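Per-entry structural report
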Amino acid sequence: MAAKALTLLLLCLVTVCNCMEVTYDSRSFMIDGERKLLISGSIHYPRSTPEMWPDLIKKAKAGGLNMIETYVFWNAHEPEQRKYDFTGNLDLMRFLKTVRDEGMYIMLRIGPYVCAEWTFGGFPVWLHNLDGVKFRTANDVFMNEMQNFTTLIVDMAKKEKLFARQGGPILITQIENEFGNVEHPYGEAGKVYMNWAANMAVSLDTGSPWIMCQQKDAPPIVINTCNGWYCDDFTPNNASSPKIWTENWAGWFMSWGSVRPKRAAEDVAFAVARFYQTGGSLQNYYMYHGGTNFGRTAGGPYITTSYDYDAPLDEYGNLNEPKYSHTKQLHNLLMSMEKPLTEGKVTHIDFGNGAEGTVFVDGQTTSCFFSNKNTSSDALIKYQDMNITVPAWSVSILPDCQTEAYNTAKVNTQTSVMVKRENGAENQPSALKWSWRPENLDVAVIQGKGSIHASEILDQKVLNDMSDYLWYMTSVDIDEKDPVWGTNMSIRINGTGHVLHAYVNGEYVGSKWAKYDVHNYDFETPVKFKPGRNQISLLSALVGLKNYGAFFDDYRAGVCGFVDIVGRNGDEIVTKDLAGHQWVYKNSLHGLDNQLYSQTSKFSAKWQLGYLPVNRSMTWYKTTFKAPLGKDPVVLDLLGLGKGYAWVNGNNLGRYWPSYLAPEDGCDDECDYRAKYDASQCNYGCGEPTQRWYHVPRDFLSATGVNELVLFEEFGGNPSQVNFKTVVVGSACGSAYEHKTMELSCQGRSITQIKFASFGNPMGTCGSFKKGTCEGSKDALSILQKACIGKETCSLVANENIFGPTSCADSPKKLLVEAVCAI
Ligand code: GAL
């Protein structure tokens, strides 16, 4: 009887577990022996909110992906040693389960070094302050902590049965991140560490293969993978590893003071098609949804709060068109060719001048890819009895080697122009009503008081990075015995970052900051020192810690180098070095310590109404507002402000810095995608604030009640123009080549007007389309008006049956339409 029960129980266990065996060879991953083509996208869970996750993941699935990738962010989860946080948008297990529930696979890149434009590359700062620690090398203190955290994450996922072997969605796991790029300076110890990391990961026995990206010397127990804008030329270092592209950079990130990047959909599709044409088995968009660096999570330093990345889903979760749908069509086609791509017999043909063909034969099916890497001339390819024209820098896919189903340069989907729409909340006053209070600076700038004392200038990281702000304070006696006495004096300060505000004897004397990639600043300003004791108080403000490079953890943050009083007397210069003085340190700011941004702060009543000071540094502002109606994403317009933080109902939206403008030059009005992309091309936003708009996720807001906005303004600004808007599709420009279907969508609102429609050879970009030299005989505009106005979506096939015969002869015909959406 007992034996029967046990058999039954075992049977049940076997049937409830959809346990999957994940294996691989040089062609592909296999699940229970079945070959899989994997198309993945990065969504970093802390860069959105749990309420946004299901929608983002659904959109990723609808976009043709079958896998989601995320890093794991160690310093967010373990802010203090052995004190963990997995709540709210750090609820990693909830995120993984949301992906599972959508029926998608997961690539979990634990790192725990992640780079990712995340502060300190994801390492906790307390780790840096442990005795004897050295990062990313053969160092017991470091390796012990790394193993501890990696094991914790693996154990959590095992407990929730999330690994494929347990019937869960995690197919692939990553240890380290691009260590190979920086390994050399670590010497032999680096190599020992890298091998240790691989072995440690594998010993955790997840049943899912481990990868190491950009690791040419990866041991055979792990798979090395490629990161970049293109990975078609990549070959893994081990003959039995599949070809994996862990980071297909869908665009690029922004730094304060930078222009905004754009990577054309045609180029992204080209890179993806080339990758699968050349034997790729898994590619992952970095990012598919970039999202937002809330709070103090941005690293770099100088990385913006927005991490939009020009990804297929924009920062707010809207479809970034045409990138989203143009790649979706490609994904669906590639998936339909899964078998030939992963099992078929492969033949390559070199047509010369950058043109290549690849033929996959699988049983009765023969599929062809024809690519043209030439950046200026179209390729005229003769294959069997066909003549195929492949436009410059494009790939044509013919799943039956007869008919072109897709060409990466031919966009048959809409381009959406997103607009910011009025708040729309009922009874919302036209301007927000502000109260304010000054930051209390007296203890630092007048009294010079703090709790830490040292006779040296400290790296700002010594205090475990509990705040962006640290006061460096000292006093100096100047009398007639001093060589600087009677000279023209100035104060000179050197720092590695990031922003400095200097005060002498209670008076503000100036500020200075470095730039992204230029980490040092030298600050010098004339100061009237008085005889006797002088109080020097320097406020250093971090803009995220360094996240990349060999030994990046040793890079100092804050005031460092020197603090001198410089005396000038004609050509003679004398210097009084203050570095070895007695320094006093005070962490954070009074208002932050007392949580002025929180409705429960004990100071919540002490705000001043009436007169509103503007351009006043170190000032707190507060207002209330109603949430915009509806479900569209909400943004906060901070034009007019300098630099600081914004909180909505106590949630830190991230650092703001709208006064930091992009350079006037370096933007491309006409962006030609036909060449290897890098982040210096196709930029826009010259002369504008790098980031003016700040995302307020709906779940930070009360839909019906009163919401509170608090700003801490560090530089000085004017909040009177601050307002909330929603982000919606303003106009939709449809494009379809002959015989393709043109679909237009205002994403939930109706089409109110057709501004342009032409079938023939029209040209231009969305917003400035022009008719060409030939056109269908029927009135395209009225056809479109009839089919689309008043509807949320409409679709039409672009052909002469509908639009009438054209005089375009053999030249390729297409339909271009500009529709206006109700806002
Ligand atoms: C890669 C890195 C990513 C990210 C990316 C740039 O080198 O692995 O984490 O930083 O660069 O966005």
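Residues numbered from 1 in each chain as written. Predicted model: local features only at pLDDT ≥ 70, side-chain atom pairs only at ≥ 80, totals over all residues. Heavy atoms only, no water.

For the rest of this paragraph, the subject is the packing of helix H6 (residues 140-159) against helix H8 (residues 187-203). Packing of H6 against H8 leaves a shortest axis separation of 11 Å and a crossing angle of 25°. One finds that H6 runs roughly parallel with respect to H8. Considering the relative orientation of H6 and H8, their crossing is right-handed. Between H6 and H8, the contacting residues are Phe-142, Met-143, Met-146, Gln-147 and Thr-150 on the first element and Tyr-193, Trp-196, Ala-197 and Met-200 on the second. (Axes fitted to C-alpha atoms, helices over the stretch in contact; angles between N-to-C directions. Helix = DSSP H or I, 4+ residues; strand = E, 2+ residues; numbered from the N terminus. Parallel < 35°, antiparallel > 145°, perpendicular 65-115°, else oblique. Left-handed = near helix turned anticlockwise from the far one by under 90°. Contact = heavy atoms within 4.5 Å.)

Right, let's get into the pattern of salt bridges. Scanning the entire structure with this criterion turns up 39 salt bridges. Note that Asp-310 and Lys-262 form a salt bridge whose closest N and O atoms lie 3.3 Å from each other. Taken together, the residues Asp-310 in the loop between strand E11 (280-289) and helix H10 (323-336) and Lys-262 in the loop between strand E10 (243-249) and helix H9 (265-277) connect sequence positions 48 residues apart. A salt bridge links Asp-632 to Arg-421, with the nearest nitrogen and oxygen atoms 3.7 Å apart. Here the residue Asp-632 occupies a position in the loop between strand E31 (619-625) and strand E32 (634-637), and Arg-421 occupies one in strand E19 (residues 415-421), the gap between them amounting to 211 residues. Connected through shared salt-bridge partners, Asp-232, Asp-233, Arg-274, Glu-356 and Lys-373 make up one network. (Salt bridge = Lys/Arg side-chain N within 4 Å of Asp/Glu carboxyl O.)

Taken as a whole and assessed by the stated rule, the structure comprises 62 aromatic pairs. For the pair Phe-135 and Phe-142, a centre-to-centre distance of 5.5 Å together with 35° between the ring planes defines the contact as tilted. Side by side, Phe-135 and Phe-142 carry an identical accessibility label, which is buried. The ring of Tyr-307 has Arg-47 lying over it, and the distance from NZ or CZ to the ring centre is 3.7 Å. In this arrangement the basic side chain of Lys-546 is found over the ring face of Tyr-555, its NZ or CZ atom lying 5.1 Å from the centre. (Phe/Tyr/Trp six-rings, centres within 6.5 Å; stacked < 30°, edge-to-face > 60°. Buried < 20%, exposed > 50% of the residue type's maximum accessible area, 1.4 Å probe, protein only. Lys NZ or Arg CZ within 6 Å of the ring centre and 35° of its normal.)

Inspection of the entire model under this criterion finds 8 disulfides. Sulfur-sulfur distance for the disulfide between Cys-671 and Cys-682 comes to 1.8 Å. One quick way to see it: the torsion about the S-S bond of Cys-671 and Cys-682 is about 65°, and its sign makes the bridge right-handed. Here Cys-671, found in the loop between strand E34 (651-656) and strand E35 (693-696), pairs with Cys-682, found in the loop between E34 and E35; they are 11 residues apart in sequence, far enough to count as distant. Take Cys-682: its relative accessible area is 7%, and that puts it in the buried class. Disulfide partner of Cys-746: Cys-821, at an S-S distance of 2.0 Å. Negative torsions about the S-S bond denote left-handed disulfides, and the value of about -80° found for Cys-746 with Cys-821 makes this one left-handed. (Disulfide = S-S within 2.5 Å.)

Right, let's get into H10. Taking 1.5 Å of rise per residue, 14 residues should cover 20 Å, and H10 covers 20 Å from first to last C-alpha, within 8% of that figure. Buried within H10 are the following residues: Lys-323, Tyr-324, Ser-325, His-326, Thr-327, Leu-330, His-331, Leu-333 and Leu-334. (Expected span 1.5 Å × (residues − 1).)

Spatial strand order, E21-E30-E22-E27-E24-E25: 6 strands in an open sheet with antiparallel pairing. This sheet does not close on itself; its edge strands, each paired only once, are strand E21 (452-454) and strand E25 (507-513). Along the sheet, successive strands turn relative to each other by an average axial angle of 20°, direction set aside. Relative to strand E30 (residues 583-587), strand E22 (residues 469-478) runs antiparallel, the two being bridged by 4 bridges. Considered in E30, the bridge of Trp-471 is made with Lys-586. (Pairing = 2+ DSSP bridges.)

Residue placement: Asn-248 occurs in strand E10. Relative accessible area serves as the criterion here: at 0%, Asn-248 is assigned to the buried category. Looking at Asn-248, its side chain comes within polar contact range of the side chain of Gln-283, at 3.0 Å. The contacts of Asn-248, once residues within four sequence positions are left out, are Gly-228, Trp-229, Arg-263, Val-268, Val-272, Gln-283, Asn-284, Tyr-285 and Tyr-286. (Polar contact = N/O pair within 3.5 Å; in protein donor to acceptor, adjacent residues only side chain to side chain.)

Our next topic: the domain arrangement of the protein. We note that the domain assignment places domain 1 (2-251 + 279-298 + 305-320), domain 2 (418-439 + 592-727), domain 3 (442-587) and domain 4 (738-821) within the protein. Each partner contributes to the interface: domain 1 provides 22 residues, whereas domain 3 provides 20 residues. In total, domain 1 and domain 3 occlude about 1,700 Å² of area from one another, counting both sides; carbon and sulfur atoms represent 56% of this. On the domain 1 side of the interface with domain 3, the three residues burying the most area are Phe-120, Val-125 and Arg-296, jointly 33% of the side's total. Viewed at the interface, domain 3 and domain 1 are joined by 2 salt bridges. Linking Arg-296 and Asp-468 is a salt bridge whose minimum nitrogen-to-oxygen distance equals 2.8 Å. (Domains from an automatic or database assignment. Buried area = accessible area lost by both parts, 1.4 Å probe.)

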